[in-house]
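# Summary of the model geometry
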Amino acid sequence: MTDSKYFTTTKKGEIFELKAELNSDKKEKKKEAVKKVIASMTVGKDVSALFPDVVNCMQTDNLELKKLVYLYLMNYAKSQPDMAIMAVNTFVKDCEDPNPLIRALAVRTMGCIRVDKITEYLCEPLRKCLKDEDPYVRKTAAVCVAKLHDINAQLVEDQGFLDTLKDLISDSNPMVVANAVAALSEIAESHPSSNLLDLNPQSINKLLTALNECTEWGQIFILDCLANYTPKDDREAQSICERVTPRLSHANSAVVLSAVKVLMKFMEMLSKDLDYYGTLLKKLAPPLVTLLSAEPELQYVALRNINLIVQKRPEILKHEMKVFFVKYNDPIYVKLEKLDIMIRLASQANIAQVLAELKEYATEVDVDFVRKAVRAIGRCAIKVEQSAERCVSTLLDLIQTKVNYVVQEAIVVIKDIFRKYPNKYESVIATLCENLDSLDEPEARAAMIWIVGEYAERIDNADELLESFLEGFHDESTQVQLQLLTAIVKLFLKKPTETQELVQQVLSLATQDSDNPDLRDRGYIYWRLLSTDPVAAKEVVLAEKPLISEETDLIEPTLLDELICYIGTLASVYHKPPSAFVEGGRGVVHKSLPPRTASNESTESPETAPAGAPSGEQPDVIPSQGDLLGDLLNLDLGPPVSGPPLATSSVQMGAVDLLGGGLDSLIGAPNFVTPPAATAPANLGAPMGSGLSDLFDLTSGVGALSGSYVAPKAVGSISMDLQLTNKALQVMTDFAIQFNRNSFGLAPAAPLQVHAPLSPNQTVELSLPLSTVGSVMKMEPLNNLQVAVKNNIDVFYFSTLYPLHILFVEDGKMDRQVFLATWKDIPNENEAQFQIRDCPLNAEAVSSRLQSSNIFTVAKRTVEGQDMLYQSLKLTNGIWVLAELRIQPGNPSFTLSLKCRAPEVAQHVYQAYETILKN
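Definitions and limits used
Residues numbered from 1 in each chain as written. Predicted model: local features only at pLDDT ≥ 70, side-chain atom pairs only at ≥ 80, totals over all residues. Heavy atoms only, no water. Helix = DSSP H or I, 4+ residues; strand = E, 2+ residues; numbered from the N terminus. Buried < 20%, exposed > 50% of the residue type's maximum accessible area, 1.4 Å probe, protein only. Contact = heavy atoms within 4.5 Å. Areas by Shrake-Rupley, 256 points an atom, 1.4 Å probe, with all protein chains shown as cover. Salt bridge = Lys/Arg side-chain N within 4 Å of Asp/Glu carboxyl O. Axes fitted to C-alpha atoms, helices over the stretch in contact; angles between N-to-C directions. Parallel < 35°, antiparallel > 145°, perpendicular 65-115°, else oblique. Left-handed = near helix turned anticlockwise from the far one by under 90°. Nonpolar A, V, L, I, M, F, W, Y, C, P; charged D, E, K, R; others polar. Pairing = 2+ DSSP bridges. Patch = residues over 30% accessible without salt bridge, like charges linked within 9 Å, V, L, I, M, F, W, Y side chains within 5 Å. Lys, Arg positive; Asp, Glu negative; His and termini not counted. Charge placed at Lys NZ, Arg CZ, Asp CG, Glu CD. Expected span 1.5 Å × (residues − 1). Phe/Tyr/Trp six-rings, centres within 6.5 Å; stacked < 30°, edge-to-face > 60°. Lys NZ or Arg CZ within 6 Å of the ring centre and 35° of its normal. Core = buried A, V, L, I, M, F, W, Y, C linked by side-chain atoms within 4.5 Å. pLDDT = per-residue confidence, 0-100. Disulfide = S-S within 2.5 Å.

Below, the discussion takes up the overall build of the protein. Regarding its fold elements, the protein presents 37 helices and 12 strands. Residues classed as buried in the protein amount to 52% of the 919 residues present. The long-range fraction of contacts in the protein, counting pairs at least 24 apart against all pairs at least 6 apart in sequence, stands at 71%. Entry remark: accessible area of the protein is about 41,100 Å², with carbon and sulfur atoms responsible for 50%.

With that settled, consider the pattern of salt bridges. For the coordinates displayed, the defined rule picks out 29 salt bridges. Bridged by salt links that share partners, the residues Arg 371, Arg 375, Glu 409, Glu 441 and Glu 443 form one connected network.

Direction vectors running N to C along helix 18 (residues 296-312) and helix 31 (residues 557-564) enclose 130°, while the axes themselves pass 10 Å from each other. Judged on the interaxial angle alone, helix 31 and helix 18 are oblique. Note on packing geometry: the crossing formed by helix 18 with helix 31 is left-handed. Here Leu 308, Ile 309, Gln 311 and Lys 312 of helix 18 come into contact with helix 31, specifically with Leu 560, Asp 561, Leu 563 and Ile 564. Classifying every residue of the contact of helix 18 with helix 31 by side-chain character gives 5 nonpolar, 1 polar and 2 charged.

Let's shift gears to the side chain of Arg 371. You can see Arg 371 is positioned in helix 21 (residues 367-383). Discounting chain neighbours no more than four positions away, the residues touching Arg 371 are Tyr 405, Glu 409 and Glu 441.

So, on to the sheet that holds strand 3 (residues 736-739). If you trace the 3 strands from one edge of the open sheet to the other, you get 3-6-7, paired in antiparallel fashion. At either margin of the open sheet sits one strand with a lone partner, and together these are strand 3 and strand 7 (795-801). Across this sheet, the average inter-strand angle for adjacent strands is 25°, counted without regard to direction. Sheet topology places strand 6 (residues 784-790) next to strand 7; 7 bridges connect them, and they run antiparallel. Bridge pairing links Gln 786 to Ser 799 in strand 7.

Among the 7 residues of strand 7, 7 are classified as buried, and the element is accordingly described as predominantly covered. Between strand 6 and the antiparallel strand that follows it, strand 7, lie 4 residues.

Before going further, it helps to examine a negative patch on the surface. Taken together, the side chains of Glu 464, Glu 467, Glu 471 and Glu 501 present a region of like negative charge at the surface. Counting through the fold element by element, Glu 464 comes out in helix 26 (residues 462-470). What makes Glu 464 exposed here is its relative accessible area of 52%.

Most of strand 10 (residues 866-874) sits inside the fold, with 8 of its 9 residues counted as buried. Pairing between strand 9 (residues 856-863) and strand 10: 7 bridges, direction antiparallel. Looking at the pairing, Ala 859 lines up with Tyr 870 of strand 10. Counted between consecutive antiparallel strands, the loop separating strand 9 from strand 10 contains 2 residues, among which Glu 864 sits at a positive phi close to 50°. Two successive antiparallel strands, strand 10 and strand 11 (residues 880-887), enclose a turn made up of 5 residues, where Gly 878 displays a positive phi of approximately 90°.

Helix length check: helix 22 (residues 388-400) (13 residues) gives 19 Å between terminal C-alpha atoms against 18 Å at 1.5 Å per residue, within 8%. Regarding helix 22, the residues found buried are Ala 388, Cys 391, Val 392, Thr 394, Leu 395, Leu 396, Leu 398 and Ile 399. Of the surrounding secondary structure, the elements contacted by the buried residues of helix 22 are helix 20 (351-361), helix 21, helix 23 (404-420) and helix 24 (429-434).

Moving on to the packing of aromatic side chains. This structure, assessed with the given rule, holds 9 aromatic pairs. Between Tyr 300 and Tyr 333 the ring centres are 5.5 Å apart and the planes differ by 90°, which places this aromatic pair in the edge-to-face class. Here Tyr 300 is found in helix 18, whereas its partner Tyr 333 is found in helix 19 (residues 332-345), with 33 residues between them in sequence. Between Trp 450 and Tyr 455, the ring centres sit 6.3 Å apart and the planes meet at 85°, which makes this aromatic pair edge-to-face. Across the pair, exposure class does not vary: Trp 450 and Tyr 455 are buried alike. Every member of this aromatic cluster is reached through a ring pair, and the members are Phe 418, Trp 450 and Tyr 455. In this arrangement the basic side chain of Lys 335 is found over the ring face of Phe 369, its NZ or CZ atom lying 5.1 Å from the centre.

Before going further, it helps to spend a moment on helix 17 (residues 275-291). Buried residues of helix 17: Tyr 276, Tyr 277, Leu 280, Leu 281, Leu 284, Ala 285, Pro 287, Leu 288 and Leu 291, and no others. Along its buried surface, helix 17 packs onto helix 15 (234-244), helix 16 (253-267) and helix 18.

Counting 212 residues, the largest nonpolar core has Tyr 72, Leu 207, Val 244 and Phe 418 as the members making the most contacts within it. Within the second largest apolar cluster, 56 residues are counted, among which are Leu 758, Cys 839, Leu 850 and Ala 912.

Before going further, it helps to examine the sheet that holds strand 12 (residues 894-900). If you trace the 5 strands from one edge of the open sheet to the other, you get 8-12-11-10-9, paired in antiparallel fashion. A single partner strand is all that each edge strand has here, and the edge strands are strand 8 (831-836) and strand 9. Strand-to-strand twist in this sheet, taken as the mean axis angle between neighbours without regard to direction, amounts to 20°. Sheet topology note: the strand 8/strand 12 ladder contains 6 bridges and is antiparallel. Following the sheet pairing, Phe 834 is matched in strand 12 by Leu 896. Docked against the sheet, helix 35 (residues 816-825) engages strand 8, strand 9, strand 10, strand 11 and strand 12, running at close to 95° with respect to strand 11. Together, strand 8, strand 10, strand 11 and strand 12 form the strand contacts of helix 37 (residues 906-917), whose direction differs from that of strand 8 by roughly 25°.

The subject of this paragraph is the side chain of Lys 490. As for its position among the elements, Lys 490 is in helix 27 (residues 478-494). Setting aside its immediate chain neighbours within four residues, Lys 490 contacts Trp 450, Gly 453, Glu 454, Val 541, Leu 542 and Lys 545.

Averaged over all residues, the pLDDT of the protein equals 78, while 84% of them reach at least 70. Within the protein, helix 18 carries the highest mean pLDDT (92), whereas helix 34 (residues 692-695) carries the lowest (31).

Cis peptide bonds are those with omega within 30 degrees of zero, and the linkage from Glu 780 to Pro 781 qualifies with -5°. Mapped onto the elements, Pro 781 comes out in the loop between strand 5 (763-771) and strand 6. One non-glycine residue, His 575, lies in the positive phi region at around 60°. Within the secondary structure, His 575 is located in the loop between helix 32 (570-574) and helix 33 (598-601). A relative accessible area of 14% means that His 575 is categorised as buried. The phi dihedral of Asn 854 is positive, around 65°, even though this residue is not glycine. Counting through the fold element by element, Asn 854 comes out in the loop between helix 36 (843-851) and strand 9. A relative accessible area of 8% places Asn 854 in the buried class.

With that settled, the discussion passes to the state of the cysteines. Applying the stated criterion to the full structure yields 0 disulfides. Just so you know, Cys 95 is unpaired, no disulfide at all, and the nearest cysteine sulfur is the one on Cys 129, 4.3 Å from it. A relative accessible area of 6% means that Cys 95 is categorised as buried.

This part covers the packing of helix 21 against helix 22. For the pair helix 21 and helix 22, interaxial distance at closest approach is 8 Å and the crossing angle is 160°. If you check the angle between helix 21 and helix 22, you find them roughly antiparallel. You can see that helix 21 and helix 22 cross each other, and the crossing is left-handed. Contact residues: helix 21 offers Val 374, Ile 377, Cys 380 and Ala 381, while helix 22 offers Ala 388, Cys 391, Thr 394, Leu 395 and Leu 398.

This next bit is on the environment of Phe 473. Tracing the backbone shows Phe 473 in the loop between helix 26 and helix 27. Here Phe 473 falls in the buried class, since its relative accessible area comes to 2%. As for Phe 473 and Ser 514, which are separated by 41 residues in sequence, their C-alpha atoms are 9.9 Å apart. When residues no more than four places from it in sequence are discounted, the contact partners of Phe 473 are Gln 481, Leu 484, Val 506, Leu 509, Ala 510 and Leu 519.

Right, here's the structure in full:
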């Protein structure tokens, strides 16, 4: 009879009987009794009363009985810590048992008993087991160190277990090596700053040797560890890739994905000209294709990872389009993911095949899948220009099917095709208008309204069509209402005489009868534009629109690089970094791909990048200036409130003599502490008596601002140093600081801490950390910052200018291909040229000095004796600035060309270049 009989008893008075059986002299009876206890414990009965009796059964040579007792102990030790100590002697004794299985079992169980009192007794047996002659015991002890570290990290460090664990990486047994790596990785993740896995070429060599003989999970631990290593040059990267490549043919998909992760990371360091690079690309495709023959759940995980790989290196799978064709019995989640990858791989070479397949999908029965397939046809048209005509005719064929949801999706994507290829396919508008009555989804209705408004001059009855939508205006969704308002205003500007009543009707509905603030505001803006300056209205409403980009759903490059480092983990399935879904963020380290080696850096110029590279993400446009005083004037001028000072959207300022000269001469000089490293100070000489200080007549003592470029206290942080001097006749207390809305959202990251009252003529120096998450409003000049400091006497206002390079972020290096595509994408009128004079540095020194201030050289080349540096930088609000710096050796004057989607920052970026280079 099997052990299932132990789960069927429900007798009362069982505990008493079990107690008697546990104390029986007969070994078989004892074993039976312990099995019954474990069965009761498993189904949730409380058998903790039997603790001492079960512990007595530990003294046995029977391995099965010992395992059962240890299982019981692990479960109840936490609720009975005092009783659990009774078992310690047996553990210690078992750790010296001649049978290695018992030694390993004892040390494993001690690691699982999470009771502080017992951990002290565990140290000596664990030390012996880490140096045990049997590898099975050593590998178990290695994992036990990680468990013990989780309970008491200090104890593990004091006892020197971490050093012993590092020594085990050189162990002769591959499973011991794998477990040591797993334990160290686990500890390092929970303590990111500890640098435990200090890998070097020698230890990497040992790991690669062990890799061939490990079990599959051991291989995964080692591969994940290798992925965190950064080789010193491309030769070492190639050597590691060669030794990891055989893992691609492993039967376990987790091993394959871990190997792919290592190769994807190290390929970053290999030159694309190498023969080996091409070989590696070819070797990566078959294992990824093989993953798609697994069961659907594994296929889905593989597809999510392939989606990332295809975005990073589409050339790996460009010839494998057919494996992503959908099978009739694929679950919907696999179908949708395959569809996504098909579009990413679509190119001129395979577009006919893809379109034929997509047209087939559009006649399926699954509504979600059909919608996505129709949308995919539109995306193909936008991505591959040569196929646009074929895509449009395919969409028209689908519209003729008169299937409601197919028609609606087709209209949505045709609107995007019109935006990508204006004045090319407008002949299909008549067909679209025939289907107007069948549209019932907001997105399709909005798309159709946009088409009618945009091409009103080509549609004879445009006014009737729009009027038919207007009848149920209040029942429409906001998206449709906004689109209808804009379309009718466009129609009015194109045919003013015929549509005056219609435009008045829609403006009245939008402004007087609507509760939606977005709709109301847009209505008022149009109303005022039309009534005051119809010519300006025409320029605004009928302005030429930018073409839509070919890939709007690409993952942002820096996030993609981070996700590539997490291939084979949950982050690669969610397409989010771990910090976005791991609670508390403990153990979450931001990873990035290794930089390309110097040998590749200067040989490739931006012009070698393919033209189809995706353009970088569109930066936020800085909002225009509104009420300058709004935020500052709402400070309470009444008696100060006790409690913490204001911590609203304000900025920490630098060395500012705020209170010099009584109540009206407030300000000295702020020093902004900047993220990039810097050496000597550079005077910024920005005039200070502008902005609010003029409004409040702060005349006496407000001189010029003498800011300086200071080395950071911490990389990536911005702070403002303040010097406050009390020149009033009474003590100052209750300080608070607030910044007005400004161009980059600078705000204090903490309250202004003046720890003691400020006596007359006393000076105090403070450092205020700043963040960039405050309210944004465009200032004039752009780097103007208006500040209010409040205390028990009054509120003091001043304005100051900050250098823009404090806002250059550390992830501002753009990929070469993205750089080239973005440079071409930004209109030429956005380019600004400047001269930097009297700078005697050579190209290398310039590049190095700028990099220390987060201006990164993307590529370098020499043309007709001139050194050309192509550089990128990114501001805290996501605006990218691209630069070309021409340096003629021996000539101290440089030419700087800047391109940016927000051209107003160019002048300030040029000033930052001057400041940094002449430092």
